[in-house]
Structures are given as C-alpha cells and as structure tokens.
Amino acid sequence: MKSWNDRLSTPGINGVKPTPRTMADVVEGQPMLVPTARQVDDFIRSIPEGVEMDVRALRTALAVEHGAEVTCPVTIGYHLRTVAEAANEDLQRGMTPSDVAPFWRVLDAKTPTTKKLSFGAEFVAVQRKREGLKP
C-alpha cells in the first residue's frame, strides 16, 4: 500500500476541463480545474500563518490561479486528505508543524475531511488554537 507521501507525489491527470455535469456549486460546461495533490499542497503552503481559508475559498483561489472558473469539489476532498495525512506522516518522522503543509488553515472541526483523518481532529484543533484561528 502506498504511503500518503507517495500519493502526494504521484503525478495525476490535471488541467482545466469543461465540467461534465452540474454538481455542488459547479455548473455543466464551466472551465474546471482538476488539480493534483501536489498543487493543493503547494497552495496550502502559501497560506500565511494565522490566516484561515475555507474549502470553498481554496477551490476558488486555485481555480483563478490556474485560469479556471471552478475547482473540482470531489478531487479537492481527496487531495485535502492526502495533504493532511502526508503531513502527519512527516510529523511522525520528526518534522515540525512549520515544516509541513499547514492543512489546519483550511480544515476545521466542521470540515467533512477532518472527520476522515486517521489521526483524528484533535491535532487540527490544537494547531488552529496555536495560530489564533476559530475552532
């Protein structure tokens, strides 16, 4: 089984494509970014300490950065978990929170992805509190 860091580094099929059907807040035909996990990781690393961004704002900012109108809501969910789990692997290997993607600036107690994390939501809560972000 691949580690989360292996998944993070796996080149994916990405790019801007027409949205195949209407789903969530995306309308069929809109130019939609299908990002790689690495693109999501890189973007999260660019969020300054003490600044939070919800998933919808992240999707919008990523889309704009890559010349699209929207970012795939399904893909972003998968990749947010990959980024968080890969960061956790790095922390378990001795890296510090300042060395990993600060996924807690996007994930909070109410984000569905947080509930799926293998290491639980407590770490997210602790990091958010440390940076003065709302739980």
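Computed from a predicted structure; not experimentally measured. (Residues numbered from 1 in each chain as written. Predicted model: local features only at pLDDT ≥ 70, side-chain atom pairs only at ≥ 80, totals over all residues. Heavy atoms only, no water.)

What about the environment of Ala-57?
And then number 1: Structurally, the position occupied by Ala-57 is in helix 3 (residues 55-65).
And then number 2: For Ala-57, a relative accessible area of 32% gives the class partly exposed.
And then number 3: Along the primary structure Ala-57 and Val-106 are separated by 49 residues, whereas in three dimensions their C-alpha atoms are 9.2 Å apart. (Helix = DSSP H or I, 4+ residues; strand = E, 2+ residues; numbered from the N terminus. Buried < 20%, exposed > 50% of the residue type's maximum accessible area, 1.4 Å probe, protein only.)

Examining unusual backbone geometry
And then number 1: The phi torsion at Ala-24 lies on the positive side, around 50°, for a residue other than glycine.
And then number 2: Take Ala-24: it is sitting in the loop between strand 1 (15-18) and strand 2 (31-34).

Overview of the sheet that holds strand 2
And then number 1: Across the sheet, three strands lie side by side as 1-2-3; this open sheet has mixed pairing. Two strands close off the open sheet at either side, each with one partner strand: strand 1 and strand 3 (70-71).
And then number 2: Relative to strand 2, strand 1 is paired through four bridges, and the arrangement is antiparallel. Across the sheet, residue Gly-15 finds its bridge partner in strand 2, namely Val-34. (Pairing = 2+ DSSP bridges.)

Structural notes on the nonpolar core
And then number 1: Ranked by internal contacts, the top residues of the largest apolar core, which has 27 residues, are Val-40, Ile-44, Leu-58, Leu-62, Leu-80, Val-83 and Phe-103.
And then number 2: Taken together, the elements giving at least two residues each to this core come down to helix 1 (4-9), helix 2 (37-45), helix 3 and helix 4 (73-92).
And then number 3: Ranked by residues supplied to this core, first place goes to helix 4 with seven residues.
And then number 4: Setting aside residues no more than four positions away along its own chain, Ile-44 makes contact with Leu-58, Leu-80, Val-83, Ala-101, Pro-102, Phe-103 and Val-106.
And then number 5: Among the nonpolar cores identified, the runner-up in size contains six residues, and Met-23, Val-26, Met-32 and Val-70 belong to it. (Core = buried A, V, L, I, M, F, W, Y, C linked by side-chain atoms within 4.5 Å. Contact = heavy atoms within 4.5 Å.)

Let's talk about the pattern of salt bridges
And then number 1: Within the structure shown, the criterion is met by ten salt bridges.
And then number 2: The shortest N-O distance in the salt bridge between Arg-56 and Asp-25 comes to 3.4 Å. Pair noted here: Arg-56 is in helix 3 and Asp-25 is in the loop between strand 1 and strand 2, with a separation of 31 residues, a long-range link.
And then number 3: With a relative accessible area of 53%, Arg-56 lands in the exposed category.
And then number 4: Relative accessible area serves as the criterion here: at 30%, Asp-25 is assigned to the partly exposed category.
And then number 5: Linking Arg-130 and Glu-131 is a salt bridge whose minimum nitrogen-to-oxygen distance equals 3.5 Å.
And then number 6: For Arg-130, a relative accessible area of 46% gives the class partly exposed. (Salt bridge = Lys/Arg side-chain N within 4 Å of Asp/Glu carboxyl O.)

A few points about the packing of helix 2 against helix 4
And then number 1: The N-to-C vectors of helix 2 and helix 4 enclose an angle of 65°; their axes lie 9 Å apart at closest approach. Our classification of the angle between helix 2 and helix 4 gives roughly perpendicular. By crossing handedness, the relation of helix 2 to helix 4 is classed as right-handed. Residues Ala-37, Val-40, Asp-41 and Ile-44 of helix 2 touch helix 4, and the partners they reach there are Ile-76, His-79, Leu-80, Thr-82 and Val-83.
And then number 2: Along the lines of polarity and charge, the residues of the contact of helix 2 with helix 4 split into six nonpolar, two polar and one charged. (Axes fitted to C-alpha atoms, helices over the stretch in contact; angles between N-to-C directions. Parallel < 35°, antiparallel > 145°, perpendicular 65-115°, else oblique. Left-handed = near helix turned anticlockwise from the far one by under 90°. Nonpolar A, V, L, I, M, F, W, Y, C, P; charged D, E, K, R; others polar.)

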